[in-house]
Each structure stands twice: as C-alpha cells, then as structure tokens.
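Summary of structural features
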Amino acid sequence: MPKPDRPQQDSASYRAKKQFFDSLLTVYGRKPVLEALRDPAVKLFRLHLAESNKPAGILDEILGIAKSQGADIQYHDRKALSRISKNSKQDQGVAADLQCKAYQSLEQFLSQPPRPDFRLLALDRITNPQNLGMIIRSACAGNVDGILLPQKGGAQIDALVIKASAGTVFRAPIIHCPTLPEALAKLREAGATICALSSHASQTLGNFNPTSGSVYVLGNETEGVSAEAAKHCNHQLSIPMNNGVESLNVAVTAALIAFQDTI
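Residues numbered from 1 in each chain as written. Predicted model: local features only at pLDDT ≥ 70, side-chain atom pairs only at ≥ 80, totals over all residues. Heavy atoms only, no water.

**A short note on the side chain of S85**
We apply this condition: Starting at the N terminus, helices and strands are each numbered in turn, a helix being any DSSP run of H or I of at least four residues and a strand any DSSP run of E of at least two. The definition of a polar contact used here is a pair of N or O atoms within 3.5 Å, where within protein one atom must be able to donate a hydrogen and the other to accept one, and adjacent residues in sequence count solely through side-chain atom pairs. The contact rule is simple, with two residues in contact once any of their heavy atoms fall within 4.5 Å.
Position of S85 among the secondary structure elements: in helix α4 (residues 78-85). For S85, the side chain forms a polar contact with the side chain of D91, separated by 2.8 Å. When neighbours within four sequence positions are excluded, S85 is seen to be in contact with Y28, D91 and A95.

**Side note on the sheet that holds strand β1 (residues 24-28)**
Short version of the rule: Should DSSP find at least two bridges between two strands, the strands are regarded as paired. To define axes, lines are fitted to C-alpha atoms, for helices over the stretch in contact only, and angles between the resulting N-to-C directions are given on a 0 to 180 degree scale.
With respect to topology, 4 strands assemble into an open sheet ordered β1-β4-β2-β3, the strand pairing being mixed. With one partner strand each, in any of the chains shown, β1 and β3 (72-76) form the two edges of the open sheet. Geometrically, the sheet is characterised by an average inter-axis angle of 20° between neighbouring strands, direction not taken into account. Its contacts with the sheet put α4 on β1, β2 (42-50), β3 and β4 (94-100), and the angle it makes with β2 is roughly 150°.

**A closer look at the packing of aromatic side chains**
This is how the line gets drawn: Paired rings are identified among Phe, Tyr and Trp, the last through its six-membered ring, by centres lying within 6.5 Å, and are further divided according to the angle between planes into stacked (under 30 degrees), edge-to-face (over 60) and tilted (the rest). In this scheme, a residue with accessible area under 20% of its type's maximum is buried, one over 50% is exposed, and one in between is partly exposed, where area comes from a 1.4 Å probe on protein chains only.
For the coordinates displayed, the defined rule picks out 2 aromatic pairs. Both rings, one in F109 and one in F118, keep their centres 5.2 Å apart while their planes meet at 90°; by these two values the pair is edge-to-face. Here the two residues F109 and F118 agree in accessibility, since each one is buried. On the numbers, 6.1 Å between centres and 85° between planes, the contact of F208 with Y216 is edge-to-face. Relative accessible area serves as the criterion here: at 2%, Y216 is assigned to the buried category.

**Section: the pattern of salt bridges**
Filter applied, for reference: Salt bridges, as used here, are contacts in which a Lys or Arg side-chain nitrogen is within 4 Å of a carboxyl oxygen on Asp or Glu.
In the structure shown here, the tally under the stated rule is 10 salt bridges. Here E107 makes a salt bridge to K186, at a shortest N to O gap of 2.9 Å. Of the two residues, E107 sits in helix α5 (residues 106-111) while K186 sits in helix α8 (residues 180-189), which places them 79 residues apart along the sequence. Residue class for E107 comes out partly exposed when judged on its relative accessible area of 41%. For K186, a relative accessible area of 31% puts it in the partly exposed group. Between R115 and D145 there is a salt bridge, with the nearest N and O atoms lying 2.8 Å from each other. Of the two residues, R115 is situated in the loop between α5 and β6 (119-123) and D145 in the loop between α6 (129-141) and β7 (146-150); the sequence distance between them amounts to 30 residues. On the basis of relative accessible area, R115 is assigned to the partly exposed category, the value being 23%. Here D145 falls in the buried class, since its relative accessible area comes to 16%. Among the charged side chains, a network of salt bridges with common partners joins E107, E182 and K186.

**Observations concerning the environment of I257**
Counting through the fold element by element, I257 comes out in helix α10 (residues 250-258). On the accessibility criterion, I257 (0% relative accessible area) is buried. The spatial distance from the C-alpha of I257 to the C-alpha of G206 is 9.4 Å, given a sequence separation of 51 residues. Excluding residues that lie within four positions of it along the chain, I257 makes contacts with R119, L121, L197, L205, Y216 and L218.

**Considerations on the pairing of β7**
To keep it simple, the criterion reads: Assignment of crossover handedness uses the view with strands pointing away from the viewer, where a clockwise path from the first strand over the helix to the second indicates a right-handed crossover.
When you tally the buried positions in β7, you get 5 out of 5 residues, the bulk of the element. Going residue by residue along β7, you find G146, L148 and P150 tucked away on one face and I147 and L149 tucked away on the opposite face as well. Read as a crossover between parallel neighbours, the route from β6 over α6 to β7 is right-handed. Here β7 runs beside strand β8 (residues 174-177); their pairing, made up of 4 bridges, is parallel. Across the sheet, L148 pairs through a bridge with I175, a residue of β8. With helix α7 (residues 159-164) bridging β7 and the parallel β8, this β-α-β connection has right-handed handedness.

**Digging into the packing of helix α2 (residues 30-37) against helix α3 (residues 57-68)**
Note the following rule: Left-handed describes a crossing whose near helix is turned anticlockwise from the far helix by less than a right angle; the clockwise case is right-handed. For this classification, the nonpolar set comprises Ala, Val, Leu, Ile, Met, Phe, Trp, Tyr, Cys and Pro, the charged set comprises Asp, Glu, Lys and Arg, and every other residue, Gly included, is treated as polar.
It is the contact of α2 with α3, at a shortest axis distance of 10 Å, that shows an interaxial angle of 35°. As for how α2 packs across α3, the hand of that crossing is left-handed. For the pair α2 and α3, contact is made by R30, K31, V33, L34 and L37 and by I58, L59, E61, I62 and I65, respectively. Classifying every residue of the contact of α2 with α3 gives 7 nonpolar, no polar and 3 charged.

Here's what the structure looks like:
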C-alpha cells in the first residue's frame, strides 16, 4: 500500500504534478538567468542561490524579479547548488527553474500532438553549443513542431546556447527525453516516419512528402547519425550538393528543413 501522503503513480494528482515538473527548464549562470527572467514568455517557478554569494547588482535584479513574480527562493550550499545546476564551474551561484510554455517531455507531446502530420527535428549527439543555439533559432522561426533534445549525449542549454539562439530558446518548442534511441522508438511506435539525414542517401529532402508525423534526425557534426539512432530510421534523405561540396553545417541543414514548406 502506498503511503497516504504520496499520490499513486496512476492518479490524476500524480500525473498533473509530473507534467508540471516535466515542463520546467533549469538555467544556470547570472546573465543567462537574468536574460531569461526578462523574457515575457518565461515565468520563474523557483530561484536557487548559493549561500556564499557576495552582494552584486545583477543578483539584486534577479532577486527583485523573483520576488515580483512570487517565485520560491531557496538558498543552498555550493555542493547542493551544483547538483541542481549540474555545472558547478559555470553556475556562478545561481540557477532557476523556469516555466516555458513550449518546453515539454516527449510523453506530453505524444499525448496531444499539435497536428497529425507533425514535423520534429531530432538531435543526435550535437555537441557544439553554437550549432544547438542556431538550430533552436531556426526551428523556432520555421515550420517545425518540436526539437527533440536528449538529456544525454550532446550539448545542453547553457549561456552559449542561449546567446546563439538569440533568446529564442525560451519560446522554442523543445521536447526533452532521456536518450534519443529510446525516443525514436516511441515515435515510430506512434506511427511517425523517422528519417536520417545522410549525404549518401538516394532520396532527397525535396522529394519526401510524408502523410503522417515525421522526424528528421540530424547527426553529430563529424560522425553523422549514430548507429544506435539509425536503426530506428525507416528513411534516409539527402540534400543535393554542387561543386564538390560533401555536406552542410548541421545548423544550416536544420534551417532548410524548418523552412522547407514555407519559402
């Protein structure tokens, strides 16, 4: 029997609580946190501060916004804060749990897709923060319903990503998942067509016209799509090249996909 004060995992209260925490994005570092709090698309849920922080104008501004939003403010020792930020070298004694309307888990997305023929970008071991930021910016501006961002194996949202995205990271439809292969398997089970972008594929992006949801897997900057992700793909697509050029930067490829049907 479960304890009385702990909701059962199949109860409505448990699902609602899990859905809420799945929609939180944790950002660390003084400038990234302040930039996020200045964005009207973001609501602060909880602010985490190191007890050892010395007085600073930027901290006063962050605290002022947190108090004005009625956010929960917690103080931690450095070790506890590093467990929250997961980057003790760069958190500068500050982390924030943000509510971003477009940030969600894969389970949330699959429970209510925005359209039957949804289009997702899936990032397979994208390690360069600038590439990740530019991908997010293009996807946010283009015709893409989500960016599948694994929590392991690639760059995560940090100050460099926020800067490269020009702040769009807080409005972009980011879908988080533990690992990409597991997520691709779930999407394929849900009826989506999984496509690996490959310079060697005979079918081109322009000739691909899916009738169901589609997922475009963008591989690592140097090695391409991994074998683990590729085994879940049922299509391979290429972008025709001229003048002996073998491939494009992964962020450029993402932009072409994002705007494929709009220009």
